[in-house]
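Structural features, examined
Each chain, letter by letter, is given below.
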Amino acid sequence: MTDGAPGNLDIRIAPVTKANRTLVTALRLAPEQMDFVASNADSLREAGSDRDARPRAVMVGDQLVGFLMYEAPRDDDEARIYRFMIDRAWQGRGYGKAALRAVLEEIGRLGHIRHVSICYEPGNEAARRLYRSAGFVEEGLDEDGEMIADLVLPAGGR
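Here we summarise the structure given alongside this text.

Definitions and cut-offs
Residues numbered from 1 in each chain as written. Predicted model: local features only at pLDDT ≥ 70, side-chain atom pairs only at ≥ 80, totals over all residues. Heavy atoms only, no water. Pairing = 2+ DSSP bridges. Helix = DSSP H or I, 4+ residues; strand = E, 2+ residues; numbered from the N terminus. Axes fitted to C-alpha atoms, helices over the stretch in contact; angles between N-to-C directions. Contact = heavy atoms within 4.5 Å. Buried < 20%, exposed > 50% of the residue type's maximum accessible area, 1.4 Å probe, protein only. Salt bridge = Lys/Arg side-chain N within 4 Å of Asp/Glu carboxyl O.

**Re the sheet that holds strand 1 (residues 11-15)**
- If you walk across this open sheet you meet the seven strands as 1-2-3-4-5-7-6, and the pairing is mixed. Of all the strands in the sheet, the pair left with one neighbour each is strand 1 and strand 6 (137-141). Taking the axes of each pair of neighbouring strands and ignoring which way they run, one obtains an average angle of 30° across the sheet.
- Bridging between strand 4 (residues 78-86) and strand 5 (residues 115-120) involves four bridges; their strand directions are parallel. Each bridged residue has a counterpart across the sheet, and for E78 the counterpart in strand 5 is H115.
- Taken strand by strand, helix 1 (residues 18-26) contacts strand 1, strand 2 (53-60) and strand 3 (63-71), and its axis lies near 95° from that of strand 3.

Have a look at this one:
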């Protein structure tokens with residue numbers, strides 16, 4: 001059960017399946033956030049042709065509240081989270097922070113990842129605060145003008 005405290009949320013990330021794919025594509029951002037993240041439908045199409053992509057549904061109990069996608073190639077020690085969104089109806093409840101913690105734990109359990117990077121629009125202050133609170137350190141802008149932030153995982157995983 002959820003009690004509103006991010007540390008105690010019944011949150012998990014689960015693979016995107018045929019059964020939940022339509023619900024994932026129906027998730028929406030607030031209008032002012034639309035330019036910050038690619039659509040979930042576009043992301044899932046991309047995942048279909050990228051064997052390293054790991055699309056995940058963000059669940060609170062049985063309720064779908066968000067979507068994220070990352071890659072963690074076996075031949076690399078870096079994972080990249082390149083999609084992350086919480087549906088506009090579920091924002092402001094700690095689900096983003098809890099989902100980020102859950103995906104970092106999943107990535108850490110892979111065993112070969114030493115650091116995780118994430119990119120976001122420099123004007124997305126909510127993303128900046130969220131990632132900074134998780135320990136990500138901004139490294140500068142990439143060639144597309146997005147901020148790159150990196151998190152070194154503790155030795156031995158998370």
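**Looking at the environment of D42**
- Tracing the sequence through the fold places D42 in helix 2 (residues 40-49).
- Judged by relative accessible area, D42 falls into the partly exposed class, the value being 39%.

**Considering the pattern of salt bridges**
- This model, assessed by the stated rule, comprises ten salt bridges.
- As a salt-bridge pair, E46 and R83 come within 2.8 Å of each other at their nearest N and O atoms. Linking E46 in helix 2 with R83 in strand 4, this pair joins segments that are 37 residues apart in sequence.
- Accessibility expressed as a relative area gives 29% for E46, which makes it partly exposed.
- Residue E71 is joined to R80 by a salt bridge in which the shortest nitrogen-to-oxygen separation is 2.6 Å.
- Salt bridges here are not isolated pairs; linked through shared partners, they connect E71, D76, E78 and R80.

Everything listed here is a matter of geometry and, on its own, says nothing about what the molecule does.
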